[in-house]
Amino acid sequence: MNVDIQDEGDSSSGQAIAFTVGENEEVHVLHPQQIIAYQGPSSGRADRLMNVKGMYRKRKLIRSDLSGPCRFVAALPPGYKVKTLQLDGKSDLLYDFRHLFFYSNGITMQTRVLSMKNMLVTRDVVKVKFAGHGSIGILTEGTVCEAELHPTEPLYVDAGSIIAYPENARLELTVYGNHLASQHMSYHWKMTGHGPVLFQAGRQSRRFEREHDEDGIIKRFLREVLPFGGVFIK
């Protein structure tokens, strides 16, 4: 299977993803309403009800199974991108299932139940670990960044921007910096361990635009100087 990301660099125009699915190949698309063009046998597309776990995790009812040979194009609205990852069976990253846009045959999923503390923060019960050989597409808001964890030197990442992190990672919900910094920033994960962490940049970009395009100077001042103003003043 070949996936061609077509991005003209203009974030206001969205993104198109062109799929070429070969003979005896199959890809599962979890946002079938985003498929805008298809070329192949009519029988090559079969929409199915997701199982109960899938409905809960994805908040969706339908997925599309597309069998080759065929070609199709999926479109994303402005601000969203798909990051394609090739898995070789050795990855131990944990993902939020809601970020999954597509996966190929050969990929299996295992669930990991979060601790009660993490459930309260992430508002999710489980994370998903992908196994097997194949490719997955992760839906993100803006550019995907990657940083390597260190066993003793912590990495602080905005809690709402995390896409995936290693299963072995140690996480602690916190803020950092001096008194003023820790008061107005969003909660961050303090992370140590081994392996890469993936996080998205678009979530913070939208907040930046909102603050500078819509907010008055008084509201922005209160958000900055009041304790946890960035959390409570929207």
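Per an unreviewed UniProt entry, the recorded name for the chain is Biogenesis AIM24, and the organism is Paenibacillus typhae.

K.L.:
Mind showing me how you'd approach the sheet that holds strand E1 (residues 2-6) here?
P.N.:
Picture the strands of a sheet paired through backbone hydrogen bonds; they go either parallel or antiparallel. The strand order E1-E2-E7-E4 describes an open sheet built from 4 strands, whose pairing is antiparallel. Every interior strand has two partners, whereas the edge strands, E1 and strand E4 (35-39), have only one. Averaged over all adjacent pairs, the angle separating strand axes in this sheet is 15°, with direction ignored. Of the pairings in the sheet, the one linking E1 to strand E2 (residues 15-21) comprises 5 bridges and is antiparallel in character. Pairing of valine 3 across the sheet is with phenylalanine 19, part of E2.

K.L.:
Explain the packing of aromatic side chains here, please?
P.N.:
To describe a pair of aromatic rings, one takes the distance between the centres and the angle between the planes. Summed over all chains, the structure comprises 4 aromatic pairs. Measuring from centroid to centroid gives 4.5 Å for phenylalanine 19 and phenylalanine 72, while their planes differ by 10°, and the two rings are stacked. Highlighted residues: phenylalanine 19 in strand E2 and phenylalanine 72 in strand E7 (residues 70-76), separated in sequence by 53 residues. Here phenylalanine 19 matches phenylalanine 72 in class, with each residue buried. The structure contains a cluster of three or more aromatic residues connected by ring pairs, namely Phe19, Phe72 and Phe102.

K.L.:
Explanation requested: the nonpolar core in the structure shown.
P.N.:
In a soluble, globular protein the nonpolar side chains are often hidden away together inside. Counting residues in hydrophobic clusters, the biggest one holds 17 residues, and the most contacted among them are Tyr95, Leu100, Phe130, Ile136, Ile138 and Leu198. For this core, the secondary-structure elements that each account for two or more residues are strand E8 (80-88), strand E9 (93-95), strand E10 (100-104), strand E12 (126-141) and strand E15 (162-166). Here isoleucine 138 is in contact with Lys81, Val82, Lys83, Leu85, Tyr95, His99, Leu100 and Ile163, once residues within four sequence places are set aside.

K.L.:
Help me out: how do you make sense of the pattern of salt bridges in this one?
P.N.:
Two side chains bearing opposite charge may form a pair once their charged atoms approach each other closely. Taken as a whole and assessed by the stated rule, the structure comprises 6 salt bridges. The salt bridge involving aspartate 65 is made with arginine 63; its shortest N-O contact spans 2.7 Å. In this structure, the salt-bridge partner of aspartate 96 is arginine 98, at a minimum N-O distance of 3.2 Å. For arginine 98, a relative accessible area of 30% corresponds to the partly exposed category. Linked through salt bridges whose partners overlap, the residues forming this network are Arg48, Arg63 and Asp65.

K.L.:
How should I be thinking about the sheet that holds strand E17 (residues 188-192) in this particular structure?
P.N.:
One open sheet holds the 3 strands; their spatial order is E14-E17-E16, and the pairing between them is antiparallel. Strands with a single pairing partner mark the edges of an open sheet, and in this sheet they are strand E14 (155-158) and strand E16 (170-174). Here the strands of the sheet are splayed against their neighbours by 30° on average, with no regard to which way each runs. Strand direction decides the pairing type here: E14 and E17, joined by 4 bridges, are antiparallel. From the neighbouring strand, tyrosine 156 faces E17, where its bridge partner is lysine 190.

K.L.:
What is the right way to read the environment of phenylalanine 102 from this model?
P.N.:
For phenylalanine 102, the position within the fold is in strand E10. Look at phenylalanine 102 and you get buried, because its relative accessible area is 0%. Between the C-alpha atoms of phenylalanine 102 and valine 82, which are 20 residues apart in sequence, the distance is 9.3 Å. Once residues lying within four places of it in the same chain are set aside, the contact partners of phenylalanine 102 are Met1, Val3, Phe19, Val27, His28, Val29, Val82, Thr84, Ser135, Ile136 and Gly137.

K.L.:
In this structure, what is going on with unusual backbone geometry? I would like to understand it.
P.N.:
Leaving glycine aside, a negative phi is the common case for residues, and trans is the common case for peptide bonds. In this model, glycine 68 is joined to proline 69 through a cis peptide bond whose omega is 5°. Looking at the secondary structure, you find proline 69 in the loop between strand E6 (62-67) and E7. With phi around 65°, asparagine 24 is a residue other than glycine that occupies positive phi space. Its place among the elements puts asparagine 24 in the loop between E2 and strand E3 (26-29). Since its relative accessible area comes to 73%, asparagine 24 is described here as exposed.

Reading the values: rules and limits
Residues numbered from 1 in each chain as written. Predicted model: local features only at pLDDT ≥ 70, side-chain atom pairs only at ≥ 80, totals over all residues. Heavy atoms only, no water. Pairing = 2+ DSSP bridges. Helix = DSSP H or I, 4+ residues; strand = E, 2+ residues; numbered from the N terminus. Axes fitted to C-alpha atoms, helices over the stretch in contact; angles between N-to-C directions. Phe/Tyr/Trp six-rings, centres within 6.5 Å; stacked < 30°, edge-to-face > 60°. Buried < 20%, exposed > 50% of the residue type's maximum accessible area, 1.4 Å probe, protein only. Core = buried A, V, L, I, M, F, W, Y, C linked by side-chain atoms within 4.5 Å. Contact = heavy atoms within 4.5 Å. Salt bridge = Lys/Arg side-chain N within 4 Å of Asp/Glu carboxyl O.

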